[in-house]
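Inside the fold
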Amino acid sequence: MKSTRKALGQYMTPGDVARLMASYIPAGTTAVIDLAAGDCSLLRAVAAMHSSVALYGCEIDDAIHRKGQSSLPAARIRSGNGLEVRLQIRAADNSQVSVVANPPYTETEVTPSMTRLLSLAFPDVSTKLGYKRAELYFLARSLLLARKTGGIVSILMPMGFGDGDIYRYYRKSLMANYALLEAIEVQARVFGQTEARTVLLVIDTSKSVTRKVEISRFDAESGKKAVIYRGHLDAGERLDARYQEGRVFAASAQCRLADLGVTIVRGRVSYKESRDLAMPAVHTSDLSRARRGKLDIEVQTKKNAEENAFFSEIVAETGDILLSRTGTRVSWKPIVVKSGRAPITDHVFRIRVPAKQKQRVARAFKHPAFESWLASVSKGVCATVITKKDLMAMPIFESTIKQAA
Ligand SMILES: C[S@@+](CC[C@H](N)C(=O)[O-])C[C@H]1O[C@@H](n2cnc3c(N)ncnc32)[C@H](O)[C@@H]1O
């Protein structure tokens, strides 16, 4: 049923993603566990790659449990709640245990035993943020099970774990207490029925700190990973490929906006003042009216022009580039003033480019990497903010993305 499917997060892992996840199980592993085994897609991928590994799991839905168990008779799949059921791993299988997981992404009632799982796995986290998210408890139990023998956890989490605010304390704790080896962005379309953008985390529980992380993107068509970054990350840093791509670009840029004789100023008048003074000024909301990146702005009357000069307003004119400086629901695309002349508000940057560099700068702003770069420099929890300093350091994007060495 559709409602059960959503409530229990019953979206099975596609074959290519399951194979990728199984590929991280190290040679010599004696047992692999999946705490939310579903139809056993993940465990089957493990069995296909590691024929002698013992397979254990839990599944809460009876019908799916029967289906999964019959597809993999050798596996010991228990019927029940994967956050509570005792797995009863045989002594012979217990010397090197790893965990695979694509847990349900749902809200859950939290029991005392679940709270205990979270505090054991993430002892330094004390936040209510995210405490109802089922996937965090599955991550916690997976880490605790694997850590007993220093195994690997290969777990598919919602992308928010890599880039969002709700999970950021857990992301930080994970990187501070375990070795996060890889974060692989898996595009939404692989999952068909879910909206989820996901991130595959590969964690080595035998080490108690993260040193070098590889960030990549999994391309479902080619079935390959494209590596974006490999190196040090501070605990809690964002793990999404787009963000890291922007950082890699910024670090390797040959030429920056500041090198091209560009000037950047922000408006002086606030939106409210401009309304109170009946002084038309271009605000962030006006930028979304641009068509094909171009905008006609209000032509100043002679009286307005005199007033603006008197108040030393920052005025934009034909050929200038305008970009939102801050805002929550604003357009972050730079636009070119097609015609007109008008002051700008203090939420807008005016970027003025020398004539001979205009095309080059316009190309850089339209480059696919511009958005990634912007995501990597913009700051703020509620509203996003870009600073003039960041903008001046913007790389002049000219070619295709180079992979990190
Ligand atoms: C996203 S599916 C993944 C299934 C399978 N591991 C795979 O990768 O294809 C999540 C599965 O977890 C099951 N599930 C939900 N809550 C659970 C719980 N508390 N304990 C065990 N299984 C649970 C769902 O019924 C569903 O089959």
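Scroll up for the structure.
Let me begin by describing the structure that accompanies this report. Being a predicted model, the structure only gives us computed values, none of them experimental.

**A closer look at the overall build of the protein chain**
Across its full length, the protein chain holds 15 helices and 18 strands. The principal-axis extents of the C-alpha atoms in the protein chain amount to approximately 85 × 40 × 35 Å. In the protein chain, which comprises 405 residues, the share counted as buried stands at 53%. Sequence-distant contacts in the protein chain: of pairs separated by 6 or more residues, those separated by 24 or more amount to 71%. By element, 52% of the accessible surface of the protein chain is carried by carbon and sulfur atoms, the whole surface being about 19,600 Å². When the 60 basic and 40 acidic side-chain charges of the protein chain are each reduced to a single mean position, those positions are 2 Å apart.

**Examining the packing of helix 9 (residues 241–252) against helix 14 (residues 368–377)**
Running from N to C, helix 9 and helix 14 cross one another at 95°; their axes reach a closest spacing of 7 Å. Comparing their axes, helix 14 and helix 9 come out roughly perpendicular. Facing helix 9, whose interface residues are Arg242, Tyr243, Glu245, Gly246, Arg247, Phe249 and Ala250, helix 14 presents Ala369, Glu371, Ser372, Trp373, Ala375 and Ser376. Residue composition of the contact of helix 9 with helix 14, grouped by class: 6 nonpolar, 3 polar and 4 charged.

**Observations concerning the sheet that holds strand 2 (residues 54–59)**
One open sheet accounts for 9 strands, arranged 3-2-1-4-5-7-6-8-9; its pairing is mixed. Here the strands that pair on one side only, and so sit at the sheet edges, are strand 3 (76–79) and strand 9 (224–231). Strand-to-strand, the axes of this sheet are offset by a mean angle of 20°, without reference to chain direction. Most of the contacts of helix 6 (residues 134–147) go to strand 5 (residues 152–158), to which it runs at about 175°, and overall it touches strand 1 (31–34), strand 4 (97–101), strand 5 and strand 7 (198–204).

**So, the site of the ligand**
Neighbouring the ligand are 24 residues; Thr13, Asp34, Ala36, Glu59 and Gly82 lie closest to it. Thr13 has a polar side-chain atom sitting 2.3 Å from an oxygen atom of the ligand. Here a nitrogen atom of the ligand sits 3.3 Å away from a polar atom, N or O, in the main chain of Ile60. In isolation the ligand has 590 Å² of accessible area, and contact with the protein removes 96% of it. Because more than half of its atoms lie within 2 Å of the grid, the ligand is assigned to the second largest pocket. Grouping the constituent residues of the shell around the ligand by class yields 11 nonpolar, 9 polar and 4 charged.

**Some words on the sheet that holds strand 15 (residues 335–339)**
The strand order across the open sheet formed by 5 strands is 10-17-13-15-11, and the pairing between neighbours is mixed. The open sheet has two free edges, formed respectively by strand 10 (263–266) and strand 11 (294–296), since each of these has just one partner strand. Adjacent strand axes in the sheet meet at a mean angle of 35°, parallel and antiparallel pairs treated alike. Of the pairings in the sheet, the one linking strand 10 to strand 17 (residues 348–352) comprises 4 bridges and is antiparallel in character. By the bridge assignment for strand 17, Ile264 is matched with Ile351.

Reading the values: the criteria
- Residues numbered from 1 in each chain as written.
- Predicted model: local features only at pLDDT ≥ 70, side-chain atom pairs only at ≥ 80, totals over all residues.
- Heavy atoms only, no water.
- Helix = DSSP H or I, 4+ residues; strand = E, 2+ residues; numbered from the N terminus.
- Buried < 20%, exposed > 50% of the residue type's maximum accessible area, 1.4 Å probe, protein only.
- Contact = heavy atoms within 4.5 Å.
- Areas by Shrake-Rupley, 256 points an atom, 1.4 Å probe, with all protein chains shown as cover.
- Lys, Arg positive; Asp, Glu negative; His and termini not counted.
- Charge placed at Lys NZ, Arg CZ, Asp CG, Glu CD.
- Axes fitted to C-alpha atoms, helices over the stretch in contact; angles between N-to-C directions.
- Parallel < 35°, antiparallel > 145°, perpendicular 65-115°, else oblique.
- Nonpolar A, V, L, I, M, F, W, Y, C, P; charged D, E, K, R; others polar.
- Pairing = 2+ DSSP bridges.
- Near = heavy atom within 4 Å.
- Polar contact = N/O pair within 3.5 Å; in protein donor to acceptor, adjacent residues only side chain to side chain.
- 1 Å grid on protein atoms, 1.4 Å probe; cavity = no way out; pocket = protein on both sides within 12 Å on 5 of 7 lines; lining within 4 Å.
- Sits in = over half its atoms within 2 Å of the grid points.

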